[in-house]
Structure formats: structure tokens, C-alpha cells
Amino acid sequence: ILAVGGLERAISAMEYFPDSCNILEAACQFIASLVSDKATMDIVVAGGGLDAAIFAMYKARNNSSLQFHAIHIIRVLLEEGMSRAAMHIASAGGYEEVISAMTIHTSNKEIQLEGCMILWLLGDHYHGCRQQIILAHGLMVLSEAIRIHGNDMDIARSAKMAMAML
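An account of the accompanying structure is given in this report. Model, not experiment: these values are computed from the prediction.

### Focus: the overall build of the chain
For step 1, the next point in the chain: Assigned secondary structure in the chain consists of 11 helices and 0 strands.
For step 2, the next point in the chain: Each helix (α) and strand (β) of the chain, taken in turn from the N terminus, gives the series α-α-α-α-α-α-α-α-α-α-α.
For step 3, the next point in the chain: Relative to the 2.2 N^0.38 estimate, which gives 15 Å for 166 residues, the radius of gyration of the chain is 15 Å and therefore close to what a compact globule would have.
For step 4, the next point in the chain: Dimensions of the chain along its principal axes, counting C-alpha atoms only, are 45 × 30 × 25 Å.
For step 5, the next point in the chain: Within the chain, counting contacts between residues at least 6 apart in sequence, those at least 24 apart form 71% of the total.
For step 6, the next point in the chain: Of the roughly 7,700 Å² of accessible surface on the chain, a fraction of 54% belongs to carbon and sulfur atoms.
For step 7, the next point in the chain: Side-chain charges in the chain split into 11 positive and 17 negative, and the spacing between the mean points of these groups amounts to 5 Å.

### Quick look at helix α7 (residues 94-104)
For step 1, the next point in the chain: Taking burial as the measure, the 11 residues of α7 include 8 buried ones, the bulk of the element.
For step 2, the next point in the chain: Every buried residue of α7 is accounted for by G94, Y95, E97, V98, I99, S100, A101 and M102.

### Let's talk about unusual backbone geometry
Among all residues save glycine, negative phi is the norm, and among peptide bonds the norm is trans.
For step 1, the next point in the chain: For H137, which is not a glycine, the phi torsion comes out positive at approximately 75°.
For step 2, the next point in the chain: For H137, the location among the structural elements is in the loop between α9 (130-135) and α10 (138-149).

### Some words on the side chain of Q112
For step 1, the next point in the chain: Relative to the elements of secondary structure, Q112 occurs in helix α8 (residues 109-125).
For step 2, the next point in the chain: If sequence neighbours within four positions are ignored, Q112 has contacts with M102, H105, T106, A145, H149 and I155.

### A few points about the packing of aromatic side chains
For step 1, the next point in the chain: Tallied over the full model, the rule gives 1 aromatic pair.
For step 2, the next point in the chain: When the centroid spacing of 4.7 Å and the interplanar angle of 85° are considered together, the rings of Y16 and F17 count as edge-to-face.

### Here we look at the pattern of salt bridges
For step 1, the next point in the chain: The full count for this structure, using the stated rule, is 6 salt bridges.
For step 2, the next point in the chain: Note that R75 is salt-bridged to E79, the shortest N-O span being 2.5 Å. Here the residue R75 and the residue E79 both occupy positions in helix α5 (residues 64-79), the gap between them amounting to 4 residues, near one helical turn.
For step 3, the next point in the chain: The exposure class of E79 is partly exposed, given its relative accessible area of 41%.

### Let's talk about the environment of K109
For step 1, the next point in the chain: Within the secondary structure, K109 is located in helix α8.
For step 2, the next point in the chain: Of the residues examined, K109 reaches a relative accessible area of 42% and is grouped as partly exposed.
For step 3, the next point in the chain: Setting aside its immediate chain neighbours within four residues, K109 contacts H149, D152 and I155.

### Concerning the state of the cysteines
For step 1, the next point in the chain: What the rule picks out here adds up to 0 disulfides.
For step 2, the next point in the chain: Unpaired in this structure, C21 has its nearest cysteine sulfur neighbour in C28, at a distance of 10 Å.
For step 3, the next point in the chain: Of all cysteine sulfurs in the structure, the one in C116 sits closest to C129, which takes part in no disulfide; the separation is 15 Å.
For step 4, the next point in the chain: Look at C129 and you get buried, because its relative accessible area is 0%.

### Description of the side chain of E114
For step 1, the next point in the chain: Mapped onto the fold, E114 is located in helix α8.
For step 2, the next point in the chain: Taking relative accessible area as the criterion, E114 reaches 9% and is therefore assigned buried.
For step 3, the next point in the chain: Not counting residues within four places of it along the chain, the set of residues in contact with E114 comprises F68, I71, H72 and R75.

Definitions and limits used
Residues numbered from 1 in each chain as written. Predicted model: local features only at pLDDT ≥ 70, side-chain atom pairs only at ≥ 80, totals over all residues. Heavy atoms only, no water. Helix = DSSP H or I, 4+ residues; strand = E, 2+ residues; numbered from the N terminus. Rg over C-alpha atoms; globule rule 2.2 N^0.38 Å. Contact = heavy atoms within 4.5 Å. Areas by Shrake-Rupley, 256 points an atom, 1.4 Å probe, with all protein chains shown as cover. Lys, Arg positive; Asp, Glu negative; His and termini not counted. Charge placed at Lys NZ, Arg CZ, Asp CG, Glu CD. Buried < 20%, exposed > 50% of the residue type's maximum accessible area, 1.4 Å probe, protein only. Phe/Tyr/Trp six-rings, centres within 6.5 Å; stacked < 30°, edge-to-face > 60°. Salt bridge = Lys/Arg side-chain N within 4 Å of Asp/Glu carboxyl O. Disulfide = S-S within 2.5 Å.

This is the structure we're talking about:
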């Protein structure tokens with residue numbers, strides 16, 4: 001798929017139809033499938049897939065499915081230890097979009113878990129981002145995730161680890 005320009009076509013569709021939640025969501029879902037393979041992660045970042053996912057988060061903040069796919073892309077890249085991705089996410093304002101998604105979709109456990117993990121991993125991989133996350137109300141959304149989903153051990157653990165990292 002990459003060899004025939006699949007990533008470029010998905011990003012082009014997102015740019016051409018920036019207000020179509022369906023296209024943005026389908027493209028994020030496609031990009032999320034690409035980052036599940038370690039061999040394609042660098043290609044996705046270098047080819048603009050990460051930027052496209054962050055852009056989609058901004059354009060369709062109320063679409064929980066799109067937010068989940070985009071957050072998943074960010075979390076997988078960070079979890080694989082891609083420090084270059086961490087710096088890129090921080091400089092592109094990705095942490096702000098994650099915090100926004102967590103704020104808007106408080107009842108969505110998947111978004112809360114992935115968001116807590118991202119804030120934890122960003123603080124761990126890119127220390128320069130810690131203060132930015134705090135200033136963007138990162139501690140507040142982590143506290144809220146614990147308050148709402150405290151009975152979910154994964155969310156509670158990830159949120160507490162993120163808070164300790166910040």
C-alpha cells in the first residue's frame with residue numbers, strides 16, 4: 001500500500017476534504033493500521049502521517065472515533081520509543097489535541113486510557129514538553145480521568161504515572 005502511494009493519497013484526501021469527518025476518520029484509521037507495523041513507523045512520521053492525524057484531531061474534535069484512531073497513532077509511536085516522534089508531537093501541538101480530546105470525550109474509556117498513556121510517555125521521552133503539558137491543563141484532565149474512571153485500573157495507573165512524570 002505504501003509503495004503505491006497509499007499514505008500520500010490518504011493525506012491528500014484529508015487536505016482536499018478538511019471538513020469531511022468521514023474522510024478524516026477513514027484516513028486516520030488507515031494511518032493507524034500503518035503504525036501497527038514497526039517497519040512503517042518512520043515512513044508514516046516522515047511522510048506526514050503524524051501531522052495529518054494531529055490536524056484531523058483539530059478539525060473534528062467531536063468525533064470520538066476519529067479522536068481514538070488519531071490518539072492511537074500518537075500512543076503507538078511514543079510507546080515504540082520514537083523520541084523523534086515525541087519532539088514532533090510536542091512541536092506540532094499534539095499534546096494540546098490529546099488534552100482537548102480527553103476533555104471533550106470524558107466518558108470514552110479508550111480515549112482516556114490512550115490519552116493518559118500519551119501524556120505519560122511524552123513526559124518520559126521529551127522532558128521539554130512537561131511544562132507545556134502542565135500549562136495546557138494536563139494535570140487537570142489526568143485528575144478528571146481518575147475521578148471519572150477510577151475503577152478502571154489501567155486508566156488510574158496510567159493517569160497516576162503521567163502525573164508523577166509531570
